[in-house]
Amino acid sequence: MEYQSLYRRYRPGRFDAVRGQQHVVRALRNAVRENRVAHLYLLSGPRGTGKTTLARILAKVLNCENPVDGEPCGLCASCKSVEKGTSFDLHELDAASNNRVDDMRDLLSKVALGTPGRTKVYLLDEVHMLSSGAENALLKTLEEPPDHVIFVLATTEPHKVVPTIRSRAQHLELTLLPADEMAEHVRWVIEDASLDVGADIVSHVVRVGGGSVRDTLSALDQVVAAGGISHHDTSSSELLEALAERDAGRAVAAIAEALRIGRDPRVIGEAFLGVLRNVLLVSLGATSTQLTEAEHEQADVFAPRLSAATLTRALEVVGTALVDMRQAPDPRVDLEVALVRLTKPAADTTLASLAERITHLERQLAEGDRATAAPTAVRAAATTALPATAVPTAAPPATAGPATELTAPAADTPPRPGPSRGARDSPPGRPGRPSPASEARSQLERTNRPPARSEAPPASPASIPPPARPGSTPSSTAVPTAVPTAVPTAVPTAVPTAVRPLELEAIRGDWDAVLEAMPRKVRVRFSGVGVREVIDGTVVVAFPNEVHRSRCEEFRLDVEVALATRFGTRAPVRFVTDETATSRADGGERAGSAPYDAPPEAEADDVIDLAELTDAPRGGGIIEQLTSAFPGAELVDGD
Ligand SMILES: [Zn+2]
C-alpha cells in the first residue's frame, strides 16, 4: 500500500474534526445548517492552518446526499469523490501558478454551466498571486455569481487581495495553533497511528511545526522515518551561548556540528532566528502561547544575558542572511559570516553594531569596572591633556592614566584593516570566495555606511568647504584652520580605547566631523544646528526653532552614536530650541560651531549657489541641496 503522509492521513474530513479555528468552523457550519451560505468566502491565515481543508469540507457538505447537522456524512458517493479529489463539484485552482488572465477566463467560462451536485465550489488558493487582469476578470463574475456557485478564496496574505474583492467576501481568519493544543494533537496522532516514538519528540515536532498542523505532522513524519531524533540538534542553544560569550569560534563550531549531522544551513538559521525571537519576547516580558516549556526554559536562561540591542541586531543580521542564503551558491558562508559578525562586533562597522557595542561597554562598566574607574580623575586628566581647541582624535588612543583601567573591552575591538570585507574573510577554514549575493550585500553595506568610515579620510573641512553664505565673513574665526590636516589619517577606525568625558570646546571644534560621520540623510537635517553647552555630561544641541527641533528628535540616537564614534565616550544628547539663534546676525560668541551656525531663516532661501553644486560630495548634490534648504524635508521618490 502506498505510504500516506500523516498530514494527509489525519486531514479532517468533517468540521468537528478540525483542531482549533473554532470561530471559523462555527461560522461555516452554522451557515450550512441554517442554509445561508455566502457566495464568497476569503479564508486567510498562515500556511498549514487548514484553509483548503475547510474549503473541501464545505464543498463536501454542500453536495452531500445525507448531511447531518451541518456535517457531511462522509459515506455517500459525493462525499467520497470530494475526498478522492475526483468531484466535478469542486474546482481547485492554484492562483500562484495559474495567475494569468487567460487561466481565469478559462475557469470562469464554465462557472455558469451546471454541476452534478447541488453546489459548485471554486477554491482559489494563494489568490493574492493573481495578476490584476485575472483579478478583474474574477471580480466581474463575483459581481453576479450564479446561485449554485460558491467561491472560496484562500490566501496567506489577505492585505494583498484587492479591496474590491475583499469587501465582497466574508473574511474568516485562521490562526496558528497554540503549543499545548498542538502537543495534544500530536500525542493523539502518535497514539492513533501506533507510532513507535519516544514521548520526548512531541515538544521537538511542535517546535519545528511552529503552530502549523501541516508542518508539525510533516516533522513527525520525518522523525518516524529517521527512527527518532537521535541527532538532537543543539545548535541553537550553542549559538545563543556563543552570542552571549561573544565567542566566534564556538559559533562556527556549532554550525559545523549541525552541518555534520545533516542539517541544512537554512534550517539552522531559521531555528536560531526562532530562539532569538523567543529570548527577545521573554526579555520584554511578552509571553507567547506558541512557546513550549523547553523553549520557555531556554529563553529564561538567556534573557538576562543578552541585551535587547544584541538581540534585535542578531535578529536583523540572521534574518538578512536567511534572505541572502536563498540565492547563495554556498549558504553556509552566509550563515557563518552572520555569526562572526554577531560574535565579533569589531568585525562589523555598521551603526547598529556600534550602538550594540556601546551598550555592551556600558554593561561592562556598570557591572565590573565601577571600582577601578575613577570618573573624576579621568575627567581631570582629560581636561588637562586637552587644550581647549584641540581635536580629541589627535590624541593617541591609548592614553596613560586611569583611563587605561578601562581597556578590557578593547581586547575584542582591534583597529580594523578596512571595510567589512575583513568580516567576509574571517570564518576559519573557508577560502575567501564571496558569493555574488554576499558581494552585492557588502556593496550595499559600503554604500549604507556613513561616509566617514567607508572612504578612509572623513571629509575634513578643508576638502569640503562650508557653504558660502551671503553676508558671512569667510575668513573669520573659521574652524577649518584650527583643524590639523593630519586628522583624517589619525581617525581611528574602531572605537578609541580611552574613555573621557566630553568637553564643550572639543565637541564644537569637531562638530562638523561629527556631522560627517552621520548618514547623509541625517546629516543634512543638522545644518544650522550647533552645540550650546555640556551640562553634567549631557550634550545640549540647540536648534533655531521648535519645528526643526521636533523633526530632528528621531535622530538623537544618531548624534549620540556619532559623538561616541568620534570621542569614544557615550554621552546623552538633549535637543533644545534656541530662539536667539535665528536673530543672531553673525557667529557671535558661538564661533566654535561656525560652519553649521544657523543662518537667519530669511537667508536660507538664498543659499543655492552653482559653485556648491559642483563641489557637493559624490553626486546627488541637487537633492542634498534641496534637503538642506528645507530642513526636515524627506526625499519621497529618488526618480
Ligand atoms: Zn455525504
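The structure presented is a predicted model; accordingly, all values stated were derived computationally and were not measured. One numbering rule holds for all chains: residues counted from 1, following each sequence as written. With the structure being a predicted model, the display of local features is reserved for residues of pLDDT at least 70 and the display and counting of side-chain atom pairs for 80 or more, all residues being used for whole-chain, interface and lining totals. The basis for the side-chain values is all heavy atoms of the structure; hydrogens and waters are excluded.

Caption draft 1: Quick peek at the sheet that holds strand S7 (residues 538-543). Here the rule is simple: two strands pair whenever DSSP picks up at least two bridges between them. Helix and strand definitions follow DSSP, with helices as H or I runs of at least four residues and strands as E runs of at least two, each counted in order from the N terminus. Across the sheet, which stays open at both edges, the three strands sit in the order S6-S7-S8 with mixed pairing between neighbours. Looking at strand neighbours, the two that pair on one side only are strand S6 (530-535) and strand S8 (573-577), the edges of this open sheet. The sheet shows a mean angle of 30° between the axes of neighbouring strands, taken without regard to direction. In this structure, S7 lies alongside S8, joined through five bridges in parallel fashion. Its bridge partner being in S8, Ala542 is matched across the sheet by Val576. Axis lines are fitted to C-alpha atoms, over the contacting stretch for helices. Their N-to-C directions set the angle, which ranges from 0 to 180 degrees.

Caption draft 2: Representation of the sheet that holds strand S1 (residues 40-44). Pairing is parallel across the open sheet formed by five strands, whose spatial order is S2-S3-S4-S1-S5. Two strands lie at the open edges of the sheet, namely strand S2 (90-94) and strand S5 (170-173), each paired on one side alone. Each strand of the sheet is rotated relative to its neighbour by a mean of 20°, with strand direction disregarded. Of the strand pairs in this sheet, strand S3 (residues 120-125) and strand S4 (residues 149-155) are connected by five bridges, and their pairing is parallel. Paired with Val121 across the bridge in S4 is Ile150. Throughout, a contact is declared for two residues whenever any of their heavy atoms are within 4.5 Å. Contacts between helix H6 (residues 132-143) and the sheet are confined to S1, S3 and S4, with S4 contributing the most and set at about 140° to the helix.

Caption draft 3: Examining the packing of helix H12 (residues 248-260) against helix H16 (residues 331-343) more closely. Interhelical geometry of H12 versus H16 gives an angle of 155° and a closest axis separation of 8 Å. Taken together, the axis directions place H12 and H16 in an arrangement best described as roughly antiparallel. The element H12 and its partner H16 pack so that their crossing is right-handed. On H16, the residues that touch Ala248, Ala251, Val252, Ile255 and Leu259 of H12 are Arg332, Leu335, Glu336, Leu339, Val340 and Thr343. In this classification, Asp, Glu, Lys and Arg are treated as charged, Ala, Val, Leu, Ile, Met, Phe, Trp, Tyr, Cys and Pro as nonpolar, and every other residue, Gly included, as polar. Counted by class, the contact of H12 with H16 contains eight nonpolar, one polar and two charged residues. With respect to orientation, any angle under 35 degrees is reported as roughly parallel, any angle over 145 as roughly antiparallel, any angle of 65 to 115 as roughly perpendicular, and every other angle as oblique. In a left-handed crossing the near helix is turned counterclockwise from the far helix by less than a right angle, and in a right-handed crossing that turn is clockwise.

Caption draft 4: Quick peek at the packing of aromatic side chains. Stacked, edge-to-face and tilted are the three classes for Phe, Tyr and Trp ring pairs, Trp counted by its six-membered ring, which pair at centre distances within 6.5 Å; planes under 30 degrees apart are stacked, over 60 edge-to-face, the rest tilted. The full count for this structure, using the stated rule, is five aromatic pairs. Each ring, one from Tyr122 and one from Phe151, has its centre 5.1 Å from the other, and the planes form 15°; the classification is stacked. Placement of Tyr122 in strand S3 and of Phe151 in strand S4 is noted, with a sequence separation of 29 residues between them. Residue Tyr122 shares its accessibility class with Phe151, and that shared class is buried. Between Phe526 and Phe575, the ring centres sit 5.9 Å apart and the planes meet at 70°, which makes this aromatic pair edge-to-face. Of this pair, Phe526 sits in the loop between helix H24 (520-523) and S6 while Phe575 is found in strand S8, placing the two residues 49 residues apart along the sequence. Here Phe526 matches Phe575 in class, with each residue buried. Members of the aromatic cluster, connected to one another through ring pairs, are Phe526, Phe543 and Phe575. Only protein chains enter the accessibility calculation, which uses a 1.4 Å probe; a residue is then buried when its area is under 20% of its type maximum, exposed when over 50%, and partly exposed in between.

Caption draft 5: A look at the side chain of Thr115. Mapped onto the elements, Thr115 comes out in the loop between helix H5 (101-108) and S3. Within 3.5 Å is the distance limit for a polar contact, defined as a pair of N or O atoms, with the added protein rule that one can donate a hydrogen and the other accept it, and that residues adjacent in sequence qualify only through two side-chain atoms. In this structure the side chain of Thr115 is engaged in a polar contact, spanning 2.4 Å, whose partner is the side chain of Asp89. Discounting chain neighbours no more than four positions away, the residues touching Thr115 are Phe88, Asp89, Lys120 and His148.

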